[in-house]
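# Summary of the model geometry
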Amino acid sequence: MLSRLVLTSGSALKNSGSFGACVVQASRSIHSSPQSKAPLPPLPEKGGKIRHGIFPEELFSLLYPKTGVTGPYMLGTGLLLYMLSKEIYVINHETFAALSISSVIIYGIKKFGPGVAAYADKLNEEKVAKAQEVKDVAVARLAQAIEDEKKEQWRVEGRHMLFDTKRNNVTMLLETNYRERLHMVTSEVKRRLDYQVELQNLHRRMEQEHMVNWVEQNVVKSITPQQEKESIAKCISDLKVLAKATQARAAV
Amino acid sequence: MALNFFDQFLSPTHLGIPLVLIAMIFPWVLYPSPSNRWLNNRLVTLQGQFFNRFTQQLLLPLNQGGHKWALILLSLMVFLLSINMLGMLPYTFTPTTQLSLNMGFAVPFWLATVIIGMRNQPTAALGHLLPEGTPVPLIPVLIIIETISLFIRPIALGVRLTANLTAGHLLIQLIAT
């Protein structure tokens, strides 16, 4: 117990300037635990078996082959009676005090023993639980990392699909762009050609009209007055004939 | 009858062997030394937890430099605690009822604190002789009183422990009859 304190406060003591050297020697001599580094055997689960709270079970098994089951009890009774009868153990007022105190102690141990044992076990359990928790958290984090890694690997497998889609996308964009420009080019060319066509049409129409006008003028110029009179007389006679024909049709 | 009552405080010897040494060394048996295990048995676990809490409470008001006293103070207190508690059982002898033992603790401890205080911080150590906020006319008287109290301290401490234990045991005996 004291050596535990020395282990923890030894370094503090050693650092204190003036008693540095002699304290190192003193703490070396206080260390009572073995200084070897051999691994310790594990602690047994339960303490040694005892009977009636004080006597180890080994005493009973020691005496069993020679004296049977009642052997140790006879030994105890015999010793007690011997000490009483020979007055090696004198009964005085302290005997009564001893009986009272021992009965109180036994009552106390029976009542609070399990509670205290559970408390001590709880202290150890908490220590173990803390370490276990650290371990569990680390294991969980590593498992999560493994899963994430697997997911990344799966993602990498599907990467080519992504690239294909992107490639397709880009190709389509290029295609669309090309077609647009092609369309623009054709429409521009057509416009130019239409203009030329319109121009030619205009030329021909103007020539036609000019020609017709010239012909008309020439014809009008060439009509003599005599021809005019003859044509008018012809028209009148034709009209008369027609009128007669119509009357005749109307009368029928 | 008065003689009988004080018989219990005679230092026990048997066949000329002073048994007071056994009484003083016995508590050492009750505290098993810890191994390098991480998890110990119940006794060592409980004792370890008790000592840790005790030391923590003990060192609360001290700064870093005061932590050097942890070992000596804790071991002193645990020693006295166990010796006095064991003295409650019948047929035991309590060494702390002897003035010699208590003075043997009181004088070195007191002297050590005074000398270390004087060496490391003489101004503060001497400053302790005058409490804060005293009216000026009282200063000379108070310094004398504080010096006297300083020098009486080991006797006070030692005798206090002896008297308390002796009175306690005597009271138990008186009530028992």
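Everything numeric here is computed off the predicted structure, so don't read it as measured data.

### Remarks on the overall build of chain A
Counting secondary structure elements, chain A contains seven helices and two strands. The 252 residues of chain A split such that 8% are buried. For chain A, the exposed area adds up to about 22300 Å²; of that, 65% sits on carbon and sulfur atoms.

### Side note on the packing of aromatic side chains
Residues and elements named next belong to chain B. Summed over all chains, the structure comprises seven aromatic pairs over all chains. Aromatic side chains Tyr-31 and Phe-51 sit 5.7 Å apart centroid to centroid with 50° between the ring planes, which places their arrangement in the tilted category. Of this pair, Tyr-31 sits in the loop between α3 (27-30) and α4 (42-58) while Phe-51 sits in helix α4, placing them 20 residues apart in sequence. With relative accessibility at 4%, the residue Phe-51 sits in the buried group. Where Phe-50 meets Phe-54, the ring centres are 5.6 Å apart and the plane angle is 50°; that geometry is what we call tilted. Of this pair, Phe-50 and Phe-54 both sit in helix α4, four residues apart, which is roughly one turn of the helix. Given a relative accessible area of 26%, Phe-54 falls into the partly exposed group.

### A closer look at helix α8 (residues 139-176) of chain B
Its maximal kink placed at Ile-152 of chain B, α8 of chain B deviates by approximately 45°, while the proline Pro-154 of chain B follows within four residues. All of the buried residues in α8 of chain B are Leu-150, Pro-154, Gly-158, Thr-162, Leu-165, Thr-166, His-169, Leu-170 and Gln-173 of chain B.

### Some points on the interface of chain B and chain A
The interface is formed by 29 residues belonging to chain B together with 37 residues belonging to chain A. Both faces considered, chain B and chain A share a buried interface measuring about 2900 Å² in area, 67% of it formed by carbon and sulfur atoms. Among the residues chain B hides against chain A, the three largest losses belong to Arg-37, Leu-71 and Tyr-91 of chain B. Together they make up 22% of the total. At the junction of chain B with chain A, the criterion picks out one salt bridge.

### Brief notes about the pattern of salt bridges
Residues and elements named next belong to chain A. For the structure shown, the criterion picks out nine salt bridges over all chains. With a shortest N-O distance of 3.1 Å, Arg-167 and Asp-164 are connected by a salt bridge. Remark: Asp-164 and Arg-167 occur in helix α6 (residues 159-222); sequence separation between them is three residues, near one turn of the helix. A salt bridge links Lys-234 to Asp-238; its shortest N-O distance comes to 3.8 Å. One end of the pair, Lys-234, and the other, Asp-238, are both in helix α7 (residues 225-251), four residues apart, so they sit about a helical turn from each other.

### Thoughts on the side chain of Thr-94 of chain B
Residue and element names in this part refer to chain B. Note that Thr-94 resides in the loop between α5 (70-86) and α6 (99-120). By relative accessible area, Thr-94 is classed as buried at 3%. Those residues within four positions of Thr-94 in sequence are excluded, and the remaining contacts are Ile-83, Asn-84, Gly-87, Leu-165 and His-169.

### Side note on the UniProt feature "transmembrane region" (unreviewed entry) in chain B
Residues and elements named next belong to chain B. Here, UniProt's "transmembrane region" (unreviewed entry) annotation points to residues 12-31, 69-87, 99-118 and 138-156. With 100% helix and 0% strand, residues 99-118 has its two end C-alpha atoms placed 28 Å apart. Counting secondary structure, residues 138-156 comes out at 95% helix and 0% strand; the distance between its end C-alpha atoms is 25 Å.

Definitions and limits used
- Residues numbered from 1 in each chain as written.
- Chains lettered and ligands numbered in written order.
- Predicted model: local features only at pLDDT ≥ 70, side-chain atom pairs only at ≥ 80, totals over all residues.
- Heavy atoms only, no water.
- Helix = DSSP H or I, 4+ residues; strand = E, 2+ residues; numbered from the N terminus.
- Buried < 20%, exposed > 50% of the residue type's maximum accessible area, 1.4 Å probe, protein only.
- Areas by Shrake-Rupley, 256 points an atom, 1.4 Å probe, with all protein chains shown as cover.
- Phe/Tyr/Trp six-rings, centres within 6.5 Å; stacked < 30°, edge-to-face > 60°.
- Bend = angle between axes of the 7 residues up to and from the residue.
- Contact = heavy atoms within 4.5 Å.
- Buried area = accessible area lost by both parts, 1.4 Å probe.
- Salt bridge = Lys/Arg side-chain N within 4 Å of Asp/Glu carboxyl O.
- UniProt positions renumbered as here; feature names shortened; annotations may be inferred.

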